[in-house]
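Structural overview
Spelled out, the chains give:
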Amino acid sequence: MDQLGTENYSLWNLCLGYARVTDCALDGDWLERAVAGADVITVAFGTNDIISGAYGAEGSSSAEEIETAVRSIVKRCTDSGVQSILWNSPPFELTEALEEIRVSYSYNLTVEAIAVDYGASYFDAAALLADEMYASKTVYGQHPNDEGGTVLATALAPLIQTVLES
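What this report covers is the structure whose coordinates are included nearby. Nothing here was measured: the structure is a model prediction, and the numbers come from that model.

**Quick look at the overall build of the chain**
Summing up its helical and strand segments, the chain has eight helices and four strands in all. Written out in order from the N terminus, the α and β elements of the chain read β-α-α-β-α-α-β-α-α-β-α-α. Within the chain, the proportion of its 166 residues that are buried is 44%. Of the roughly 8800 Å² of accessible surface on the chain, 53% is carried by carbon and sulfur atoms.

Printed below as a string of structure tokens:
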């Protein structure tokens, strides 16, 4: 078994910035470059869509809108032979209505099913970053601090290795 890093792999992270899934699902230059050169793509969308919605829209995207866009991205990756790792939306200081989109009304309830539907992998970032007593409260800050980043990286690295070996 090769250790991660002993082979030449390309890993793209689609999001973890101020990106929104609806931007990427347009299948423009950004996604085109990713699927053209990546072996694995992490799809870590949800929070920005919940907070601000699609570019130019007023208000948040619904769980259904986010799910449709994520499905579009993962289908594009699968059709291109690129393996995907889907993240759920981590805890963030959201209003009650927005928290319902994230958890109660299903975005986080659908991500794992999307992964199954497309033969992708699932990464439960929310469980790693949430307070054990209050799933909507983050332990490591709105944007994970160094400790939170280490927690994520420590859990994600073996999953990436498994995906590359499959």
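Once you've had a look at it, read on.
**Some words on the nonpolar core**
Membership of the largest hydrophobic core comes to 29 residues, with the highest contact counts inside it found for Val21, Ile41, Phe45, Val70, Ile73, Cys77 and Leu86. Grouped together as the second largest cluster of nonpolar side chains are 14 residues, Ala44, Leu129, Leu156 and Leu159 included.

**A few points about the pattern of salt bridges**
Side-chain pairing between opposite charges can occur once the charged atoms of the two side chains come close. Using the criterion set out here, one finds five salt bridges in the structure. Its salt-bridge partner being Arg71, residue Glu67 comes within 2.9 Å of it at the nearest N-O pair. With Glu67 and Arg71 both in helix α4 (residues 63-79) and four residues apart, this pair spans about one turn of that helix. Each member of the pair, Glu67 as well as Arg71, is classed as buried. Connected through salt bridges with shared partners, the residues Glu67, Arg71 and Asp117 form a single ionic network.

**Structural notes on the pairing of strand β3 (residues 83-87)**
Taken residue by residue, a regular strand's side chains alternate between the two faces of the sheet. Of all the five residues making up β3, four are buried; the element is thus mostly covered by neighbouring parts of the structure. Pairing of strand β2 (residues 40-44) with β3 involves four bridges; the strand directions are parallel. Paired with Val43 across the two strands is Leu86, which belongs to β3. Pairing of β3 with strand β4 (residues 121-123), which is carried by three bridges, proceeds in the parallel orientation. In the sheet register, Ile85 faces β4, and the bridge partner there is Ser121.

About the cut-offs
Residues numbered from 1 in each chain as written. Predicted model: local features only at pLDDT ≥ 70, side-chain atom pairs only at ≥ 80, totals over all residues. Heavy atoms only, no water. Helix = DSSP H or I, 4+ residues; strand = E, 2+ residues; numbered from the N terminus. Buried < 20%, exposed > 50% of the residue type's maximum accessible area, 1.4 Å probe, protein only. Areas by Shrake-Rupley, 256 points an atom, 1.4 Å probe, with all protein chains shown as cover. Core = buried A, V, L, I, M, F, W, Y, C linked by side-chain atoms within 4.5 Å. Salt bridge = Lys/Arg side-chain N within 4 Å of Asp/Glu carboxyl O. Pairing = 2+ DSSP bridges.

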